[in-house]
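Close look at the chain arrangement
So the chains spell out like this:
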Amino acid sequence: MIKNYFLIALRNLKRNKAFSAINIIGLSLGLACCMLIYLYTLDEVSYDRFHQKGPHIYRITANLTNPEGKLNQFGYTGMMPGPSFKKSIAEVEDYVRYQSEYLTVRVEQELFDQEAAYADENFFRVFSFPLLSGSPANALSDPSSVVLTARMAKKYFGSTNVLGKTLELKTGNGFKPFQISAVMQDAPQNSSIKPQFLLPMQISPSGNDKNWANFFLNSFLLLNPDADLAKTENLMNQVFMTEAAEELAANKRNFGFEEKIRFGLQLLEGMHLDTVFRADNGLVDASNPVYTYILSGIALLILVIACINFVNLTLGQALKRSREIGIRKAMGSRRSQLIFQFLGEALVLCSIAFLLAAAIAIVVLPYFNTLANKALSFSYLLNAKLIIGYLLLLLLTAMLAGFYPALVLSGFNAVETLYGKSGVSVKSLLAKGMVVF
């Protein structure tokens, strides 16, 4: 029976080529828009979620309140908080500091301006950035070592097989050689941390800064899975007030610095869409969740409009189908059978439209990336859970687009339809409402 429904559906599509083409094109354009917006939304909410220890990694934030009550908030610290909190707080398992600056690189007498980052030697043990070569345990342990991404290795040497090779960095008035200790995979698109050129934190020009009131780098803490966040933040501020007491008193006495400083914690996985403690100062791609909400609303609206167009076009064909329905009812077809037939036709149309929408989305994706300032790939959507999601979206679209026409058309009176009376009122409030919408 189901096979028969689909055969009838294909024959009706073939018989009404213009109607089918208009319906399919309308649905496919709407679905293509939804797919592109879904890609954008999926990318936005997936930022920094690929790290194995991600649910327990937090960035240290700072709140500065001046005597007038004005509040300044940012996600930076100095050199001191990370190691001090690890030393004094049992809930803190580890810390990583991350600082970026531009350096001059010399490779075989050719000079390059390169954005580089300094990181603590446990960087690859806390964050899940796979290495193509080298050991994560000691990639940043030697002060004369450097870690390149695959992209940078190809840029400088034309290959990723560069372990042990050297390049030179400008330090002071001269150049100093650094040996490549590891090559890491390029960071994923959905990462707020995108290092290209990593150096040991111990050689940072700010490495000896002992001031708690300086804020210039990102500090991350790896907490114990059972850590209480509020308790940990209170302990952080107790450590700060104890260790920085003399410094704060001197700053007040010598510079009139009276700001009250309170440290907090920001979950790594929530950093990308945070509008207060933004992912900047060496971190990248900070965004605003309002764009995701707006685009998701637009996608839903486009899908509803495409389904309404489908319903209106299908009802417009009602008169041409009325005699067919009347004959089927006269021959004993039940209303449930007719509903399944029309839903089957809607499913066939939607399936064709879905495939066409995927093709349109793939073709348009490079232009969408330019518009959205992204580097999205359609392959992001090719996993089991999302394929199931596509199928559910297809069924939902078919139900939305086909259920009302099926309900109306299957309700025709057999005798009236054979005499040319369709029973469909063009003055239907719902039909007029859909047109207005």
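It should be noted that the structure appears before, not after, this text.
Residue numbers restart at each chain and count upward from 1, following the sequence in its written direction. Local features are withheld for residues below a pLDDT of 70 in this predicted model, meaning they are given only at 70 or higher, and side-chain atom pairs are given and counted only at 80 or more; totals for whole chains, interfaces and linings count all residues. Water and hydrogen atoms were dropped before computing side-chain values, which therefore reflect all heavy atoms in the structure.

**What about the nonpolar core?**
Taken as a class, soluble globular proteins show a tendency for nonpolar side chains to be buried jointly. The set of buried Ala, Val, Leu, Ile, Met, Phe, Trp, Tyr and Cys residues whose side-chain atoms join them within 4.5 Å is what this entry labels a nonpolar core. For every residue, the accessible area obtained with a 1.4 Å probe (protein chains only) is divided by the maximum for its type, and the residue is called buried under 20%, exposed over 50%, and partly exposed between those limits. Leu-27, Leu-31, Met-35, Phe-354, Leu-365, Phe-368 and Phe-378 are the most contacted members of the largest nonpolar core, which totals 30 residues. Helix numbers and strand numbers start at the N terminus; a helix is a DSSP run of H or I with at least 4 residues, a strand a run of E with at least 2. Elements with a contribution of two residues or more to this core: α2 (17-45), α8 (289-316), α10 (335-372) and α11 (384-410).

**As for the pattern of salt bridges**
Each salt bridge in this description consists of a side-chain nitrogen of Lys or Arg and a carboxyl oxygen of Asp or Glu lying within 4 Å of one another. The full count for this structure, using the stated rule, is 8 salt bridges. Here Glu-269 makes a salt bridge to Arg-49, at a shortest N to O gap of 3.3 Å. With Glu-269 in the loop between β11 (260-267) and α8 and Arg-49 in the loop between α2 and β1 (57-65), the pair connects residues that are 220 residues apart, well separated along the chain. Two residues, Asp-120 and Arg-97, come together in a salt bridge whose shortest N-O distance is 2.9 Å. Here Asp-120 is found in the loop between β4 (110-119) and α4 (123-126), whereas its partner Arg-97 is found in strand β3 (residues 92-107), with 23 residues between them in sequence. Taken as a pair, Asp-120 and Arg-97 share a single burial class, namely buried.

**A look at the layout of surface pockets**
To find leftover empty space, a probe the size of one water molecule is rolled over the atoms. Within this model, the second largest pocket holds a volume of roughly 280 Å³. Points on a 1 Å grid, built from protein atoms alone, make a cavity when a 1.4 Å probe fits but cannot get out and make a pocket when they are open with protein on both sides within 12 Å along at least 5 of 7 lines; residues with an atom within 4 Å of a point are the lining residues. Arg-151, Ala-187, Lys-194, Pro-195 and Gln-196 are, among the 18 residues lining the second largest pocket, the residues nearest its centre. Mapped by element, the contributors of at least two residues to the lining of the second largest pocket are β3 and β4. Of all the elements, β4 adds the most residues to the lining of the second largest pocket, at 3 residues. Per-class residue counts for the lining of the second largest pocket are 8 nonpolar, 6 polar and 4 charged. Grid points are joined across faces, edges and corners, and a volume is the space filled by probe spheres set on the points. Any residue that is not Ala, Val, Leu, Ile, Met, Phe, Trp, Tyr, Cys, Pro, Asp, Glu, Lys or Arg is counted as polar, Gly included; the first ten are nonpolar and the last four charged.

**Overview of the environment of Asn-214**
Relative to the helices and strands, Asn-214 resides in the loop between β9 (197-200) and β10 (218-223). Judged by relative accessible area, which is 28%, Asn-214 ranks as partly exposed. On a C-alpha basis, the gap between Asn-214 and Met-80 in space is 9.3 Å, while along the polypeptide they are 134 residues apart. Any pair of residues with heavy atoms lying within 4.5 Å of one another is described as a contacting pair. Asn-214 has contacts with Thr-77, Gly-78 and Asp-209, leaving out every residue within four places of it along the chain. At 2.9 Å, the side chain of Asn-214 and the side chain of Asp-209 are in polar contact. Throughout this description, a polar contact denotes any pair of N or O atoms lying within 3.5 Å of each other; where both atoms belong to protein, one of them has to be capable of donating a hydrogen while the other can accept it, and for residues adjacent in sequence the pair is counted only when both atoms sit in side chains.

**Observations regarding the pairing of strand β6 (residues 145-149)**
Looking along a regular strand, one sees side chains alternate from face to face of the sheet. Among the 5 residues of β6, 5 are classified as buried, and the element is accordingly described as predominantly covered. Think of it this way: DSSP has to see at least two bridges between two strands before they count as a pair. The pairing of β6 with strand β8 (residues 174-184) spans 5 bridges and is classified as parallel. Counted as the bridge partner of Ser-145 is Gln-179 from β8. Both β6 and β9 contribute to a ladder of 2 bridges, which runs antiparallel. The residue bridging Val-147 from the neighbouring strand is Leu-198, located in β9.

**Side note on the environment of Thr-275**
Locating Thr-275 in the fold gives a position in the loop between β11 and α8. Expressed as a C-alpha distance, the spacing of Thr-275 and Asn-288, which sit 13 residues apart in the sequence, is 6.1 Å. Ignoring anything within four residues of it in the chain, the contact list for Thr-275 reads Ser-287, Asn-288 and Pro-289.

**Examining the packing of aromatic side chains**
For Phe, Tyr and Trp, rings pair up if their centres lie within 6.5 Å, where Trp contributes its six-membered ring, and each pair is then called stacked (planes under 30 degrees apart), edge-to-face (over 60) or tilted (otherwise). All chains considered together, the criterion is met by 16 aromatic pairs. Plain terms: the ring middles of Phe-123 and Phe-129 are 5.6 Å apart, the flat faces sit at 0° to each other, and that makes the pair stacked. Both residues of the pair, Phe-123 and Phe-129, belong to the buried class. A ring pair is formed by Phe-240 and Phe-263, whose centres lie 5.1 Å apart and whose planes are at 90°; its orientation type is edge-to-face. In this pair, Phe-240 sits in helix α6 (residues 229-243) while Phe-263 sits in strand β11, placing the two residues 23 residues apart along the sequence. With relative accessibility at 2%, the residue Phe-263 sits in the buried group. Feature note: the residues Phe-50, Tyr-98, Phe-123, Phe-124, Phe-127, Phe-129 and Phe-220 constitute an aromatic cluster, connected by ring pairs. Consider the ring centre and the ring normal. A charge sits over the ring if Lys NZ or Arg CZ is within 6 Å of that centre and within 35 degrees of that normal. The ring of Phe-175 has Arg-106 lying over it, and the distance from NZ or CZ to the ring centre is 4.1 Å. Above the plane of the ring of Tyr-40 lies Lys-374, whose end atom (NZ or CZ) is 5.1 Å from the centre.

**Considerations on the pairing of β3**
Where β3 lies against β10, 6 bridges are found, and the strand directions are antiparallel. What sits directly across from Val-96, in β10, is Phe-220. In sequence, β3 turns back onto β4 through a hairpin of 2 residues, with Glu-108 there showing a positive phi of about 50°. One ladder, built from 2 bridges, connects β3 with strand β7 (residues 166-171); its direction is antiparallel. Across the sheet, the residue bridging to Val-105 is Leu-169, located in β7.

**Overview of the side chain of Ser-219**
Residue placement: Ser-219 occurs in strand β10. Setting aside anything within four residues of it in sequence, one finds Ser-219 in contact with Tyr-58, Arg-59, Ile-60, Thr-77, Gly-78, Val-96 and Arg-97.

**A few points about unusual backbone geometry**
In this model, Asp-48 sits at a positive phi of 65°, which is unusual for a non-glycine residue. For Asp-48, the position within the fold is in the loop between α2 and β1. The buried category is assigned to Asp-48, whose relative accessible area is 0%. Despite not being glycine, Gln-109 has its phi angle at roughly 70°, a positive value. With respect to the element layout, Gln-109 can be found in the loop between β3 and β4. The class for Gln-109 is exposed, based on a relative accessible area of 63%.

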